[in-house]
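# An overview of the molecular structure
Here is how the chains run, residue by residue.
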Amino acid sequence: MDLKRDKDQDAECEKITAVLLKSRTGEFDLESILFLKLRGLGIHDLGCIGECMNLERLDLSGNNITNLAALSSLRLLSVLNLSANRISNLEPLHSCDSLQNLNLAGNIISSIENLHCLQSLRKLENIRLKDNTYNYTNPVCRTTPYRTKVLEMFPTIKVLDGERVVGRGSDLYQLCKDIDDTIKAGLYKNGQLIEHPDCKPWVEDTYWEIKRSNNAIIEEAYKQFNDVLHECRLLNNRATHVISQTERSMSLKKQPKQYAI
């Protein structure tokens, strides 16, 4: 009997039902659900999720989803995580007008053409098709001009695969990435690490030492700063001591009283 009940519960998790949604969110009305996390439940059928008309954030990562048709009615959806599924067709997402952040890493999207349906999403700013942290990718990511073509298709996006491409910090990010690639290229030759015995530091040994000034005002400020720092350390030590005593007294109060007979 218990085995049958377990099988029924597993079957319910494979398909999204009103009962599942209400139990996960505590909401009685599906239209009241704004945020939903259904990660790693083995879901392959999105069922009635389209009835959550006011849904804004949805996490369906780590399931067995192939068909996204039920998502086409979610016009207010802004953040959607579909990573680690079995999705190849993105057509139903073209009607999700409010979509800003879309994670598709770890699926089976095979070509750039599969992304054309997303070009109508004017608010889309963040697209992820691969995630090196979890080793998630898509077949399309293995094509040589993949990144260039995606940026051409979506000129308004700010972040691609976790890397900022426009906006604040993008130039610095690209510079650091270029430097990192250059260093890596120079460190190895034919797969072997190159040794540089004649390498010297970029600066002198005393470069990073704090140079004391002869200016009396600066000297006085430096002294006052050290005095304040010393007082802060004393206060920290006192606070640590008081906290330790309080924790000790509280632990003694919690111990059950023992009576000797």
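In short, a report on the structure. (Residues numbered from 1 in each chain as written. Predicted model: local features only at pLDDT ≥ 70, side-chain atom pairs only at ≥ 80, totals over all residues. Heavy atoms only, no water.)

### Looking at the overall build of the protein
- Along the protein, the regular secondary structure elements total five helices and nine strands.
- If you list the helices and strands of the protein from N to C, you get α-α-β-β-β-β-β-α-β-β-α-β-β-α.
- Per-residue burial for the protein yields a buried fraction of 26% across its 261 residues.
- Long-range pairs, those at least 24 residues apart, make up 36% of the contacts in the protein between residues at least 6 apart in sequence. (Helix = DSSP H or I, 4+ residues; strand = E, 2+ residues; numbered from the N terminus. Buried < 20%, exposed > 50% of the residue type's maximum accessible area, 1.4 Å probe, protein only. Contact = heavy atoms within 4.5 Å.)

### Describing the nonpolar core
- Leu58, Leu71, Leu90, Leu93 and Leu115 are the most contacted members of the largest nonpolar core, which totals 47 residues.
- Those elements that provide at least two residues to this core are α2 (18–25) and α3 (146–153).
- In terms of residues, this core owes the most to one element, α3, which gives three residues.
- In this view, Leu58 contacts Leu36, Ile49, Leu71, Leu74, Leu77, Val79, Leu80 and Asn81; residues no more than four positions away in its chain are not counted. (Core = buried A, V, L, I, M, F, W, Y, C linked by side-chain atoms within 4.5 Å.)

### Some words on the sheet that holds strand β3 (residues 79–81)
- Strand order across the open sheet formed by seven strands is β1-β2-β3-β4-β5-β6-β7, with mixed pairing between neighbours. The sheet terminates laterally at β1 (35–37) and β7 (163–164), the two strands that pair on one side only.
- Pairing geometry for β3 and strand β4 (residues 101–103), over three bridges, is parallel. If you follow Val79 over to β4, its bridge partner there is Asn101. (Pairing = 2+ DSSP bridges.)

### Side note on the pattern of salt bridges
- What the rule picks out here adds up to five salt bridges.
- Here Asp59 ties to Arg39 by a salt bridge, and the two come within 2.7 Å at their closest N and O atoms. Here Asp59, found in strand β2 (residues 57–59), pairs with Arg39, found in the loop between β1 and β2; they are 20 residues apart in sequence, far enough to count as distant.
- Take Asp59: its relative accessible area is 11%, and that puts it in the buried class.
- On the accessibility criterion, Arg39 (46% relative accessible area) is partly exposed.
- The salt bridge involving Asp131 is made with Arg128; its shortest N-O contact spans 3.7 Å. (Salt bridge = Lys/Arg side-chain N within 4 Å of Asp/Glu carboxyl O.)

### Remarks on unusual backbone geometry
- Here the phi dihedral of Ala84 falls at roughly 60°; this positive angle occurs in a residue that is not glycine.
- Relative to the elements of secondary structure, Ala84 occurs in the loop between β3 and β4.
- At Asn135, a residue that is not glycine, the phi angle is positive and equals roughly 60°.
- Structurally, the position occupied by Asn135 is in the loop between β5 (126–128) and α3.

### Some thoughts on the packing of aromatic side chains
- Counted according to the given criterion, the structure contains one aromatic pair.
- Relative to Tyr136, the ring of Tyr134 lies with its centre 5.6 Å away and its plane at 25°, an arrangement referred to as stacked.
- Using a relative accessible area of 55% as the deciding quantity, one classes Tyr134 as exposed. (Phe/Tyr/Trp six-rings, centres within 6.5 Å; stacked < 30°, edge-to-face > 60°.)

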